[in-house]
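Secondary and tertiary structure notes
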Amino acid sequence: MANRKQDKRRRKLRVHGPSADAVGAPPTGRKEPRQAAAPARGQRSRRVPAIPSLRRSARKGGFMAIFMVGIVVVTTRGHGTASMIIALLETVPLVVLFVFFDLWMARKVYKRVTGQEAPR
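My aim in this report is to walk through the structure given alongside it, one point at a time. (Residues numbered from 1 in each chain as written. Predicted model: local features only at pLDDT ≥ 70, side-chain atom pairs only at ≥ 80, totals over all residues. Heavy atoms only, no water.)

**Focus on the pattern of salt bridges**
To be explicit about the condition: By definition, a salt bridge exists where a carboxyl oxygen of Asp or Glu is found within 4 Å of a side-chain nitrogen of Lys or Arg. Only DSSP runs of H or I covering at least 4 residues are called helices, and only runs of E covering at least 2 are called strands; the numbering of each starts at the N terminus. Partly exposed residues are those whose accessible area sits between 20% and 50% of the maximum for their type, while under 20% is buried and over 50% is exposed, using a 1.4 Å probe and protein chains only.
Counted according to the given criterion, the structure contains 3 salt bridges. Of the charged contacts in the structure, one is a salt bridge between Asp7 and Arg10, with a shortest N-O distance of 4.0 Å. With Asp7 and Arg10 both in helix α1 (residues 4-16) and 3 residues apart, the pair spans about one turn of that helix. For Arg10, a relative accessible area of 48% puts it in the partly exposed group. The shortest N-O distance in the salt bridge between Lys111 and Glu117 comes to 3.0 Å. Among the residues examined, Lys111 registers a relative accessible area of 43% and is labelled partly exposed.

**Notes on a nonpolar patch on the surface**
This is how the line gets drawn: For patch building, the residue pool is restricted to those with more than 30% relative accessible area and no salt bridge; the joining distance is 9 Å between like charges and 5 Å between nonpolar side chains (Val, Leu, Ile, Met, Phe, Trp, Tyr). Accessibility throughout is a Shrake-Rupley quantity obtained with a 1.4 Å probe, and a residue counts as covered only by protein chains that appear here.
On the surface, a nonpolar cluster with roughly 300 Å² of combined accessible area is contributed by Val92, Val96 and Phe100. Within the element layout of this structure, Phe100 appears in helix α3 (residues 81-114).

**Remarks on the packing of aromatic side chains**
Within a pair of aromatic rings, the relevant descriptors are the distance that separates the centres and the angle that separates the planes. Going by this rule: Pairing of aromatic side chains here covers Phe, Tyr and the six-membered ring of Trp, requires ring centres within 6.5 Å, and sorts the geometry by plane angle: under 30 degrees stacked, over 60 edge-to-face, intermediate tilted.
Inspection of every chain in the model, using the stated rule, returns 1 aromatic pair. Ring geometry for Phe101 and Trp104: centres 5.6 Å apart, planes at 50 degrees, overall tilted. Pair noted here: Phe101 and Trp104 are both in helix α3, with a separation of 3 residues, about one helical turn. Residue Phe101 is classed as partly exposed on the basis of its relative accessible area of 48%. What makes Trp104 partly exposed here is its relative accessible area of 46%.

**Some details on the environment of Gly61**
As a reminder of what qualifies: Note on contacts: a residue pair qualifies if any of its non-hydrogen atoms lie within 4.5 Å across the two residues.
Tracing the sequence through the fold places Gly61 in helix α2 (residues 54-75). Residue Gly61 is classed as buried on the basis of its relative accessible area, which comes to 0%. A C-alpha to C-alpha distance of 9.6 Å links Gly61 and Val92, two positions 31 residues apart in sequence. With residues up to four places along the chain from it excluded, the contact list for Gly61 reads Val95, Phe98 and Val99.

**Some details on the packing of α2 against α3**
Here is the rule: All axes are obtained by fitting lines to C-alpha atoms, using only the stretch in contact for helices, and the reported angles, taken between N-to-C directions, cover 0 to 180 degrees. With respect to orientation, any angle under 35 degrees is reported as roughly parallel, any angle over 145 as roughly antiparallel, any angle of 65 to 115 as roughly perpendicular, and every other angle as oblique. Whether a crossing is left-handed or right-handed is set by the direction in which the near helix is turned from the far one by less than a right angle, anticlockwise for left-handed and clockwise for right-handed. Three classes are used: nonpolar for Ala, Val, Leu, Ile, Met, Phe, Trp, Tyr, Cys and Pro, charged for Asp, Glu, Lys and Arg, and polar for all others, with Gly counted as polar.
Contact geometry for α2 and α3: axes closest at 8 Å, N-to-C directions at 150 degrees. Taken as axis vectors, α2 and α3 run roughly antiparallel relative to one another. As α2 packs across α3, the resulting crossing turns out to be right-handed. Here α2 contributes Leu54, Ser57, Ala58, Lys60, Gly61, Met64, Ala65, Met68, Val69, Val72 and Val73 to the contact with α3, which in turn contributes Ser83, Met84, Ala87, Leu88, Glu90, Thr91, Leu94, Val95, Phe98, Val99, Asp102 and Leu103. Residues of the contact of α2 with α3, tallied by class, amount to 16 nonpolar, 4 polar and 3 charged.

Okay, here's the thing in structure tokens:
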């Protein structure tokens, strides 16, 4: 069912006919497709990520190891040397896994952004 605005437009067209000063084709009720937007003036281009390296991943793993040892030592107060040994035994495998996971993710991101394999 047509609303008031549509009824008014139809009555006007019946009485007056299509407008003589209209430019272009008569309206079809559909919007014209948008043209591709030009990039904004202040918009930055996507930067190329750093090449994944074992040294960088190991450094990140080292920071995580320090954090993990601190958490374990603080949460197991009163056990002295035993808590440090437990913290190191828990941390070493997790750091190794972290390094491999970080390298894997860095290579995936590099490939997605640049479209080519990361150099080894």
